[in-house]
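Tertiary structure, described
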Amino acid sequence: MNFLYGIFEKILMAIYGVTGNFGLSIIILTILIKLVLLPLTLKQDKSMKEMKKLQPKIDALKEKYGNDQQMLSQKTMELYKEHNASPVKGCLPLLIQLPILWALFGVLRKDGIVPDETFLWFSLVSPDPYFILPVLNGAISFVQQKLMGGNDNPQMKNMMYIFPIMMIFISYKMPGGLQLYWLTSSLAGVIQQYFVMNRGE
């Protein structure tokens, strides 16, 4: 992880050398990271679509073998094998992305990297005094939940409202630089998700 910290810190400083503005540098670095991770995002999306197509068949198996867990597991694995699908395929790209995103998060949290500089209306090292960034993060989180679908599932429908509120609560005390990173990453994620979901098979 320290290796990744060092890489992102050098890239951030290199971008700052060109822009002369840390807020803009954070935005550019976040977008670059998203572009680098795009192939993994596409792979994750493909796996999620495969699983979505199989869901009616999985539900039928649950209805047929619900009282026999061993047979249900066996038939489910046979179904995955037949269609070359697996829930793990959708998780692996996400697990690979997490250390990269966490390292970038760590760089922005590190004292002395981002100076006490104002970007737009907020300081990069202090929480947003008007709570605009946390609210925006919560709103974008809600949009992401809507794009992901699953509104027919009562639990998923509840999460659509609970998760954005959690995002606001988690982020409202974060330094402005971190909130800017989170907002940019979420916005890029929504745009990615929209085009990925609407691209041709």
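These numbers come from a predicted model, not from an experiment.

1. What to know about the packing of helix α3 (residues 38-65) against helix α4 (residues 69-82)
Following both chains from N to C, one finds α3 and α4 inclined at 155°, their axes separated by 10 Å at the closest point. Our classification of the angle between α3 and α4 gives roughly antiparallel. For the crossing formed where α3 meets α4, the hand is right-handed. Side by side, α3 and α4 meet where Met51, Leu54, Lys57, Ile58, Leu61, Lys62 and Tyr65 of the first sit next to Gln69, Met71, Leu72, Lys75, Thr76, Leu79 and Tyr80 of the second.

2. Side note on the confidence of the model for the protein chain
Summing up the model confidence of the protein chain, the mean pLDDT is 77 and the portion of residues at 70 or higher is 81%. Taken element by element, the predicted model of the protein chain shows its lowest mean pLDDT in helix α5 (residues 87-109) (68) and its highest in helix α2 (residues 22-36) (88).

3. Focus on a nonpolar patch on the surface
A cluster of nonpolar residues, Phe3, Ile7, Ile11, Leu24, Ile28, Ile31, Leu32 and Leu35, forms a patch on the protein surface that exposes about 680 Å² of accessible area. Among the elements of the structure, α1 (2-19) and α2 are those that each provide at least two residues to the nonpolar patch. In terms of residues, the nonpolar patch owes the most to one element, α2, which gives five residues. Structurally, Ile7 is set in helix α1. Take Ile7: its relative accessible area is 32%, and that puts it in the partly exposed class.

4. Notes on α1
Counting along an α-helix, one turn takes 3.6 residues, and residues three or four places apart therefore face a common direction. Taking 1.5 Å of rise per residue, the 18 residues of α1 would be expected to cover 26 Å, and the 26 Å separating its terminal C-alpha atoms lies within 8% of that figure. Those residues of α1 not exposed but buried are Phe8, Leu12 and Ile15. For α1, the arc enclosing every buried residue in end-on projection is 65°, short of the 170-degree limit, so these residues lie on one face. Opposite the buried face of α1, at more than 90 degrees from it, the exposed residues are Asn2, Phe3, Lys10 and Gly17.

Calculation criteria
- Residues numbered from 1 in each chain as written.
- Predicted model: local features only at pLDDT ≥ 70, side-chain atom pairs only at ≥ 80, totals over all residues.
- Heavy atoms only, no water.
- Axes fitted to C-alpha atoms, helices over the stretch in contact; angles between N-to-C directions.
- Helix = DSSP H or I, 4+ residues; strand = E, 2+ residues; numbered from the N terminus.
- Parallel < 35°, antiparallel > 145°, perpendicular 65-115°, else oblique.
- Left-handed = near helix turned anticlockwise from the far one by under 90°.
- Contact = heavy atoms within 4.5 Å.
- pLDDT = per-residue confidence, 0-100.
- Patch = residues over 30% accessible without salt bridge, like charges linked within 9 Å, V, L, I, M, F, W, Y side chains within 5 Å.
- Areas by Shrake-Rupley, 256 points an atom, 1.4 Å probe, with all protein chains shown as cover.
- Salt bridge = Lys/Arg side-chain N within 4 Å of Asp/Glu carboxyl O.
- Buried < 20%, exposed > 50% of the residue type's maximum accessible area, 1.4 Å probe, protein only.
- Expected span 1.5 Å × (residues − 1).
- Arc of directions from axis to C-beta.

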